[in-house]
Amino acid sequence: MIGKYIRERASWLWLLVSIQLIILLVAYMDSSIPFQSVVYIVVLNVVVCLVFIWARYLKETRFYAKLSTWDQTYDLGELDIADSPYEQIVHEAVSAQTQRYRKESSHHFIALEQEKDEMLSWIHEVKTPLTALQLMIERLPDDKLQSQMTYEWLRIHQLLDQQLHQKRIPFMHNDLFIEKTELEPVLNSEIRALRSWCISRGIGFDVSLMVSSVLTDSKWLGFILRQLLSNAVKYSDSSDILIESREQDGHILLRIQDHGRGIEAQDLPRIFDKGFTSSRGRMDGAATGMGLYLVRQVVQTLHMSIHVESSPGEGTTVTLTFPRKNDMVHLAGV
C-alpha cells in the first residue's frame with residue numbers, strides 16, 4: 001500500500017524536494033546568506049515533511065485499505081466512513097453500484113426460482129402420461145417391439161429424472177434425511193427398474209454385500225446408484241455386473257464393476273466434468289454428459305467420495321466410499 005501511496009503522491013513529493021533544492025541553490029549562490037543555517041532549515045523542513053507524509057498516509061489510506069480487502073459482498077457496513085470529499089465520491093459510487101447489483105441479483109434469483117418451480121411442475125406432469133405409456137407398452141403382444149419401446153421409455157424416464165435432480169441439487173441440503181440405510185432394498189429397486197433393458201442385453205447382476213447398511217440419505221443414494229448402474233448397463237453387453245460392499249479403515253466401500261467397453265485413458269480424468277461425453281459417447285449420440293457430473297455433486301454433498309478405474313475393452317470399476325459414522329454426525333443433525 002505504501003508503494004501505491006508514494007506513486008499517487010509522486011508529483012507532490014517532487015514539488016517538496018524541488019523547493020528544498022531551490023532554497024539550497026539560492027543559499028549556495030548568494031554569499032550573503034549563511035549556507036549552514038539554510039541547510040539546518042532544510043533538514044528541519046524534510047523532517048517535518050516526512051512526519052506529515054506519514055501521518056497523512058495512515059489517514060488517507062485507511063479507507064482504501066479497507067476497500068481493497070472488501071470481499072465484494074453486499075454489506076457496505078464493512079467499509080469505513082469516508083473522510084475526504086474524494087473518498088466520499090468513491091463510497092457513493094460503490095454504494096450505488098452495490099444497490100443496483102443487489103436489486104438485479106434479487107430479480108434474477110426470483111426468476112430462477114420461478115423457472116425451477118415451473119420446470120419441476122412440468123416434470124411431475126409429464127410423469128403421468130409416462131406411467132400410462134408404460135402400462136400400454138407392457139400390453140404389447142410383440143416382445144421385440146415391447147423391448148425396443150421399453151428401452152426408449154426408460155431413456156426418457158432417466159432424462160427426466162436427471163433434470164429433476166439437477167434442479168434439486170442446489171437445494172438438496174434442505175432435503176437430506178441421514179439415516180441407517182439398507183443397501184439391498186435400494187439396489188434391488190434400481191435393478192428392477194432396469195430389468196427389461198438388462199434382459200434385452202443379456203446382462204445379469206452378481207450382488208455380494210459383506211456390509212448391508214450405511215449411514216446416508218436413501219433417496220439420494222438411489223439417484224447415485226441409478227446413474228452408475230445405467231452407465232454400467234449401457235456400455236456392457238452379455239456380461240454380469242458385480243456389486244459388492246466391504247469395510248476398510250472404518251469406511252464402507254460399495255464397488256460396481258462391469259465388463260463393458262471401458263473408458264479411454266485420456267477421457268478418464270474428465271468424466272465428471274459437466275457436459276463431457278468422451279470420444280465413445282459422441283459416437284453413440286445418446287450420452288448427455290450430465291449423469292456423472294450430477295453424481296459427483298451429490299457425492300460431495302453427502303461427504304462421500306467416488307473413484308473410477310477403467311481400461312478400454314476390459315470394463316469399468318466404480319468405487320463409492322462412505323464417510324465414517326462420526327463424520328456424518330453434524331450432517332445428520334444428531
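Described in the following lines is the structure provided in the data block. (Residues numbered from 1 in each chain as written. Predicted model: local features only at pLDDT ≥ 70, side-chain atom pairs only at ≥ 80, totals over all residues. Heavy atoms only, no water.)

### Thoughts on helix α5 (residues 143–168)
Stage number 1. With 26 residues, α5 ought to run about 38 Å at 1.5 Å a step, and its terminal C-alpha atoms sit 37 Å apart, in line with that.
Stage number 2. Regarding α5, the residues found buried are T150, W153, L154, Q158, L160, D161, Q162, L164 and H165.
Stage number 3. Capping of α5 at its N-terminal end is provided by D142; its side-chain oxygen lies 3.0 Å from the backbone amide nitrogen of K144. (Helix = DSSP H or I, 4+ residues; strand = E, 2+ residues; numbered from the N terminus. Expected span 1.5 Å × (residues − 1). Buried < 20%, exposed > 50% of the residue type's maximum accessible area, 1.4 Å probe, protein only. Polar contact = N/O pair within 3.5 Å; in protein donor to acceptor, adjacent residues only side chain to side chain.)

### A look at the nonpolar core
Stage number 1. The biggest cluster of nonpolar side chains holds 54 residues, and the ones touching the most others in it are I224 and L320.
Stage number 2. When sequence neighbours within four positions are dropped, the list of residues in contact with L320 reads I224, L225, L228, I252, L253, L254, V299, M304, S305 and I306. (Core = buried A, V, L, I, M, F, W, Y, C linked by side-chain atoms within 4.5 Å. Contact = heavy atoms within 4.5 Å.)

### Overview of the pairing of strand β7 (residues 315–322)
The two faces of the sheet receive side chains in turn, since in a regular strand these alternate between them.
Stage number 1. Summarising burial for β7: eight of the eight residues are buried, a large majority.
Stage number 2. Neither face of β7 is exposed, since G315, T317, T319 and T321 on one face and T316, V318, L320 and F322 on the opposite face are all buried.
Stage number 3. Direction of pairing for strand β5 (residues 251–258) relative to β7: antiparallel, over a ladder of seven bridges. Across the sheet, residue L253 finds its bridge partner in β7, namely T321. (Pairing = 2+ DSSP bridges.)

### Let's talk about the environment of E264
Stage number 1. Tracing the backbone shows E264 in the loop between β5 and α9 (278–284).
Stage number 2. Expressed as a C-alpha distance, the spacing of E264 and P312, which sit 48 residues apart in the sequence, is 5.6 Å.

### Considerations on unusual backbone geometry
Stage number 1. Its identity is not glycine, yet S238 carries a phi of approximately 55°, on the positive side.
Stage number 2. Here S238 shows up in the loop between α8 (218–234) and β4 (240–248).
Stage number 3. Unusually for a residue other than glycine, D249 sits at a positive phi of about 55°.
Stage number 4. Note that D249 resides in the loop between β4 and β5.

### Thoughts on the packing of aromatic side chains
How two aromatic rings sit relative to each other is set out by the distance from centre to centre and by the angle between their planes.
Stage number 1. Applying the stated rule across the entire model yields three aromatic pairs.
Stage number 2. Measuring from ring centre to ring centre gives 6.1 Å for Y28 and F35, while their planes differ by 70°; the resulting arrangement is edge-to-face. (Phe/Tyr/Trp six-rings, centres within 6.5 Å; stacked < 30°, edge-to-face > 60°.)

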